[in-house]
Amino acid sequence: MTSETIEVDQIALLSDRINAMRSQEENTSSSSRYNCHNYLNSQVDATCRKAMVDWCFTVAKSFEFSRETVGIAITSILDRYLSSSSGSESSKTAEVAALRSKQVFQLAAITALYMAIKIFEPVQLGIDMIIKICRGAYKESDIYSMERDILFSLEWRVCIATTTPMEYVRHFSELLLLSSDWGSGIIAKDDIIQHAVKYADRATNDIYFSTCRTSAVGAACLAGALNDVNTLSIFEKKILWRQLNRKLDFELDSLAIKHVEQRLLSTTTLCCEPKSQPCASTFRSNVKASCEQPLSPRIVVQGFDKHLSAGKYLFD
């Protein structure tokens, strides 16, 4: 078997995987039970959600968990739970409580992280450690009760919408480098992934992206990553993007994806995100990248052991 034949087979396999991911995405998005909406209100607002996202990222970093696990906890479990209208009467009551009380919302976010770690990490974070991290703010029974409410609300379908934007980025980048005659010699896949993680984290931080197709968010993360790569000219980036677009069964230049991309590129950085290099001109037409210095966000996490002490909450 020649190297050319192997490459063709690899491209076909990657395309099939992307199509399978998109097919599952279509199936889940067609049902309101699996979709997210913007549930934020005057009681539980974007600041509350951001505080918990930052806290979850800090916990993940401290225990060396994947940052994608945080994305699953927030967008696939917490946001779906609070967007859900199914489940038992008791779970519906808990959902309402989580949207009216910052303390209950915080408990839901902590429990969602606990569940995501239990399902997707090779090493579990035991309930005892969760209670220790919370410094007595919650009891074991509180975590278990919230976990049960979440499972009932999601009809136990926790894993049905857990394809992450970074999974699309990995598949897109492999396909992109295989499809190009020269891309793999100029830019490494690891470089793309490293840049894309930053945008995936920003997407987790903004509930708007939970309401979007995961493939669109993944495409936007890839576009942002390519935009940050300094080894390629704008012209070369455009060529790579067009080559990738020809290999896919959907349009990367669709208006919907461009809207997601523009929102992502203009989103301010997370408080736990490393400082970025100055923005370069975006290679994508009709998409503007914000190069303004973001306002310093409220520092809510200085180490999780300093927060959630007995009777204290991140939102005080």
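For the structure itself, look to the data block above.
Quick look at the structure, then.

Let's talk about the environment of R100
One can find R100 in helix α4 (residues 89-100). R100 sits 58 residues away from S42 along the chain, and the two C-alpha atoms are 8.7 Å apart. Apart from the residues lying within four places of it in its own chain, the contact partners of R100 are Q43 and V44.

Observations concerning the pattern of salt bridges
Applying the stated criterion to the full structure yields ten salt bridges. Among the salt bridges present, the one from R67 reaches D201, with a minimum N-O distance of 2.6 Å. Placement of R67 in helix α3 (residues 67-83) and of D201 in helix α10 (residues 189-205) is noted, with a sequence separation of 134 residues between them. Judged by relative accessible area, D201 falls into the buried class, the value being 8%. The partner of E147 in a salt bridge is K118, with the nearest N and O atoms 2.5 Å apart. In this pair, E147 is assigned in helix α7 (residues 140-153) and K118 in helix α5 (residues 102-120), connecting sequence segments 29 residues apart. Relative accessible area serves as the criterion here: at 11%, E147 is assigned to the buried category.

Considering α10
Given a rise of 1.5 Å per residue, 17 residues ought to cover 24 Å, and the 25 Å separating the end C-alpha atoms of α10 matches this to within 8%. Every buried residue of α10 is accounted for by I192, I193, A196, K198, Y199, A200, D201, R202, A203, T204 and N205.

Reading the values: rules and limits
Residues numbered from 1 in each chain as written. Predicted model: local features only at pLDDT ≥ 70, side-chain atom pairs only at ≥ 80, totals over all residues. Heavy atoms only, no water. Helix = DSSP H or I, 4+ residues; strand = E, 2+ residues; numbered from the N terminus. Contact = heavy atoms within 4.5 Å. Salt bridge = Lys/Arg side-chain N within 4 Å of Asp/Glu carboxyl O. Buried < 20%, exposed > 50% of the residue type's maximum accessible area, 1.4 Å probe, protein only. Expected span 1.5 Å × (residues − 1).

By themselves, these are just geometric observations and shouldn't be taken as functional.
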